[in-house]
Structure formats: C-alpha cells, structure tokens
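# Remarks on the overall topology
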Amino acid sequence: MKVKNLNTYDYIMIWGAGQQFQSRFRNQFKVDYLIDKKCEKKDKETMVGIPLIAPTELQKICNNGKSLIVVSSDKYYEEICEEIREIPIECEIVKLTDLLAVYGTDNKSFCLWGIDALVKDILQRCDYQITDMSYIEVGANHPIHGSATEAFYLLGARGILIEPNPDCMPVLEELRPGDVCLNCGIGKENASMKFYRFADNSYRNSFDIVEVKKNVARGYKLLDEIEIPIVSLDNVIEKYKVDTAQTYLSIQVMGSELEVLDGFAYQNYEFPIISIAYYDDKVLKHRIFKDYREIARVPKHVILVKPEIYNAIYN
C-alpha cells in the first residue's frame, strides 16, 4: 500500500516483536500495540513500553477505529498478510521497512514531549558538539522507546544508563553496547530499597510507594517487589570519572526525584544541562533551582541549564 499520513489512523500496531523489530524500530512513529503470536493471555505484559497483544485481540481493537498493521518481517510479509485477512478484520497493512524509508531517524525524538530534541537544540545553540558529549540517564528503562539519550547515541555520544529493573538490562546492553549499563537505583547513600514492578507497564515501576499506590488505584497491576542496590549519583560520577562539563544529566525516576537530588552534590560538578521528570511539585522548590535556570518546561518535566547557557541563548 502507499504510505499515508499516520495521523489518520486510530490505532497503529506492529506485527512481530522479535529481533527484526528490535533492530529496526527506534520510536520513529507512535505505536499503540505490538502483536505477537507467542503472547498468551496469562503472559500478557508490556514489552519495550508498548502493550503486547495476541492476534486474537485484533478484532476488538480494529472494530473500534481505523487501524494500520505494520509487519516487521519482510521475508514473511505475504504470509502474515494472509493470516491477518483470515481473522478477519478491517485494516490496512504495510511493511515496516516501507514506513522507515519515510520516517528516518534524523532529528527524531525518542522521549516523551520531545525532551531529547529540546536538550539537543539547546546544546547545539551554545556550540556544544553532540559527538563529544556524554550523558547519564537515571531511569533508562529501554534504550530506545521513551529514551532521553537515544538521539545522542545515534549521533555518536556515549554515556551511562542507570536502570533498577534487572529485566531491562539484556536489551540495554544489546542495543547500547557503547554505553555503561548499571543495574541499580540512585539515592542519598549506598543501601538497598524495595523496587515495585508493574505487570502491564514497566514505565510505572518505582521505588516510591506513594506513587505505586496511585498507579494501582488507576488500575495498573502490581507484579512484584524486589530488593535493588542503591548508590549515590556522586558515587557513579567519581567511579566512572565523568567529565560533567560535557555531560547531559537526565533524571526519570517515577516519584523518587528528591531522593536523587538530595543525595547529589551538584555544586561540585559542571553539568551544563539537566532534565528532570517529576511527579511532586515539591521538586520545583529544590535548591538546585537556585544555581540552575529553568529554560523549558512541559507537563511534569523541566529542563535546567547553567546561567551562562541561559544568558547565551536569551541575551
């Protein structure tokens, strides 16, 4: 089929969540569901931040709106098309490679609200060379989907990904071989804490029991709780000899922002830019705001820069 405006579809789904999907798709367009024949009802959970469904669930979805199914496999494309038509459902079908020919990776955002694009633009306006930059992403989750640093990685930057969920580590290490991947949490001091994991959305995972209870009340299913080692951000910076003057710091920790910031002697470092996703507005009153200037804000996410960067852009 001819590739159409994706905004005309109510649902966009990718058929096949295997290696071809993992290696090709880098969040170039919005996807509502991943379809996989191995997805049994009892095993249903979020995969790479996108709900994973079985083909048997397609009729209900496609009956509720205009749908596009994107087939990740070129080799079995015709065979999969026949399988889809036999369900039967009303939908349009296209190859993933055809969409990727249109939706390339240059200047694409991988992070919610385009935070990565904003950060990159701010740095480039101040003559930072992205290829010479590093990053620390606290709360990485997935190396591509929802990532604050994937755009930097594609441009040649390398850094540190910190993620407490051990289930995320294999894909982080596979798709970010140039990065240091740490399976731990960040807090005030070296210790261990309970980490709460959700069955249906790994992006809701948190150390913060208050935020966890809110998500349970919203209908998200709590999977389990595990003990995870905690280290301070200072410890990571010193251990890996991070040149903070050339490093972008991203904090996305689902309710534990103050724990991270209170255990971080930011005055000792020279991070030019910091982005913080926050759940409690108390974060906006943290002392870090006295030494950094807020340069951009989107819902529950703020970007801070050194005063000299703020002045360089606005003066």
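Before reading on, note that the structure itself is shown above.
I will try to describe carefully the structure that is included in this document. The structure displayed is predicted, hence computed values, not measured ones.

## Notes on the sheet that holds strand β7 (residues 134–138)
The strand order across the open sheet built from seven strands is β9-β8-β7-β13-β14-β16-β15, with neighbouring strands paired in mixed fashion. Strand pairing shows two members of the sheet lacking a second neighbour, β9 (180–182) and β15 (293–298), which therefore form its edges. When the angles between neighbouring strand axes are averaged without regard to direction, this sheet yields 15°. Across three bridges, the pairing between strand β8 (residues 160–162) and β9 is parallel. In the sheet register, isoleucine 162 faces β9, and the bridge partner there is leucine 182.

## Section: the side chain of aspartate 116
When you line up the elements, aspartate 116 lands in helix α5 (residues 115–125). Despite its burial, aspartate 116 remains without a salt bridge, the nearest opposite charge being carried by lysine 120 at 7.1 Å. A polar contact of 2.6 Å, which involves the side chain of aspartate 116, links it to the side chain of serine 109.

## What to know about the packing of aromatic side chains
Under the defined criterion, the tally for this structure stands at ten aromatic pairs. With 6.4 Å between their ring centres and 35° between their planes, tyrosine 11 and tyrosine 33 make a pair best called tilted. In this pair, tyrosine 11 sits in strand β1 (residues 11–15) while tyrosine 33 sits in strand β2 (residues 33–35), placing the two residues 22 residues apart along the sequence. Here tyrosine 33 falls in the partly exposed class, since its relative accessible area comes to 22%. Their ring planes at 80° and their centres at 6.5 Å tell us that phenylalanine 198 and tyrosine 220 sit as a pair that is edge-to-face. Taken together, the positions of phenylalanine 198 in strand β11 (residues 191–198) and tyrosine 220 in the loop between α8 (209–217) and β12 (222–231) put the pair 22 residues apart, joining distant regions of the chain. Residue classification places tyrosine 220 among the partly exposed positions, given a relative accessible area of 23%. Each residue in the set Phe264, Tyr266, Tyr269, Phe271 and Tyr292 is aromatic and connected to the rest through ring pairs, giving one cluster. When the ring centre of tyrosine 153 is taken as reference, the NZ or CZ atom of arginine 158 above it lies at 3.7 Å. The cationic tip of arginine 293 hangs over the ring face of tyrosine 310; the distance from NZ or CZ to the ring centre is 4.0 Å.

## Here's the deal with the pattern of salt bridges
Counted according to the given criterion, the structure contains 14 salt bridges. Residue aspartate 32 pairs with lysine 30 through a salt bridge whose shortest N-O separation is 2.3 Å. Judged by relative accessible area, which is 18%, aspartate 32 ranks as buried. A salt bridge links lysine 300 to aspartate 281, with the shortest nitrogen-to-oxygen separation between them at 2.9 Å. In this pair, lysine 300 is assigned in the loop between β15 and β16 (301–305) and aspartate 281 in the loop between β14 (273–277) and α11 (288–291), connecting sequence segments 19 residues apart. Classification of aspartate 281 as partly exposed rests on a relative accessible area of 43%. In the salt-bridge network here, residues are joined through shared partners; they are Glu150, Arg176 and Asp179.

About the criteria used
Residues numbered from 1 in each chain as written. Predicted model: local features only at pLDDT ≥ 70, side-chain atom pairs only at ≥ 80, totals over all residues. Heavy atoms only, no water. Pairing = 2+ DSSP bridges. Helix = DSSP H or I, 4+ residues; strand = E, 2+ residues; numbered from the N terminus. Axes fitted to C-alpha atoms, helices over the stretch in contact; angles between N-to-C directions. Buried < 20%, exposed > 50% of the residue type's maximum accessible area, 1.4 Å probe, protein only. Lys, Arg positive; Asp, Glu negative; His and termini not counted. Salt bridge = Lys/Arg side-chain N within 4 Å of Asp/Glu carboxyl O. Polar contact = N/O pair within 3.5 Å; in protein donor to acceptor, adjacent residues only side chain to side chain. Phe/Tyr/Trp six-rings, centres within 6.5 Å; stacked < 30°, edge-to-face > 60°. Lys NZ or Arg CZ within 6 Å of the ring centre and 35° of its normal.

Honestly, that's just the spatial picture; any functional story needs more than this.
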